[in-house]
Amino acid sequence: MKPIVILVLLAALILPVEAKKKKRGNGARDKQEELQKKKEKAERERKRDAVNDFLDKKDKNEDGMVTRDEHLAGEVDKETAGKKFDAANKNRDRSLTRSEIEDLLGL
Ligand SMILES: [Ca+2]
Ligand SMILES: [Ca+2]
C-alpha cells in the first residue's frame, strides 16, 4: 500500500473521533454560556423588579421617573433621603431615571 493511501485511511479513522471530541467540548461550553446567560437574565430581572417596586412606591405621577419631591414624600429623614437623591441624580436634572434609581438602590 502506498503511504498516501495509509495516511488517508488513518485520517478517515481519526477525524470522526476528533470531531466527536470537539462536539462534546462545545456542548460543555454551550451549557456554561447558557448558565451565564440565565444568571445575567435573572440579575436583570431582579434589578428591573427592584426599580419597579421603587417606582410603584415613589412615582406618583407615573411618568417612570422620580422627582426630588416624589422621593422625599413619605420619608421621615428628609435630609438623608435628599442627599441620597442628589448622589444618585448623576446628571443633576430634576428627576431620577431608572438607571439612576438602580444607583440609588445600590444595584
Ligand atoms: Ca414621577
Ligand atoms: Ca437625573
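Because the structure is a prediction, the values reported are computed rather than measured.

S.K.: Is there a simple way to explain the overall build of the protein in this structure?
M.R.: Across its full length, the protein holds 4 helices and 2 strands. Secondary structure elements of the protein occur, N-terminal to C-terminal, as α-β-α-α-β-α. Expressed as a percentage of its 107 residues, the buried residues of the protein come to 8%.

S.K.: Sorry, what's going on with the nonpolar core here?
M.R.: Nonpolar side chains in soluble globular proteins tend to end up buried together. Core analysis: the largest hydrophobic core is formed by 6 residues, namely Val51, Val66, Phe85, Leu96, Ile101 and Leu104. Sequence-distant contacts of Val51, defined by excluding residues within four places in its chain, comprise Arg98, Ile101 and Glu102.

S.K.: Any chance you could explain unusual backbone geometry here in plain terms?
M.R.: Trans is the prevailing form of peptide bonds, just as negative phi is the prevailing case for residues other than glycine. With a phi close to 55 degrees, Glu62 is a non-glycine residue in the positive phi region. The phi dihedral of Arg92 falls on the positive side, at around 60 degrees, and the residue is not glycine. In this structure, Arg92 sits in the loop between α3 (78-88) and β2 (95-96).

S.K.: Would you mind showing me how to read the environment of Asp59 here?
M.R.: Mapped onto the elements, Asp59 comes out in the loop between α1 (3-58) and β1 (66-67). Taking the number of C-beta atoms within 10 Å as the measure of exposure, Asp59 has 19 and is therefore partly exposed. For the pair Asp59 and Leu96, spaced 37 residues apart in sequence, the C-alpha separation works out to 10.0 Å. With residues near it in sequence (within four places) discarded, Asp59 still touches Gly64, Met65, Val66 and Glu70.

Conventions used here
Residues numbered from 1 in each chain as written. Chains lettered and ligands numbered in written order. Predicted model: local features only at pLDDT ≥ 70, side-chain atom pairs only at ≥ 80, totals over all residues. Helix = DSSP H or I, 4+ residues; strand = E, 2+ residues; numbered from the N terminus. Buried ≥ 20, exposed ≤ 12 C-beta atoms within 10 Å, placed from the backbone. Core = buried A, V, L, I, M, F, W, Y, C linked by C-beta atoms within 7 Å. Contact = placed C-beta atoms within 7 Å.

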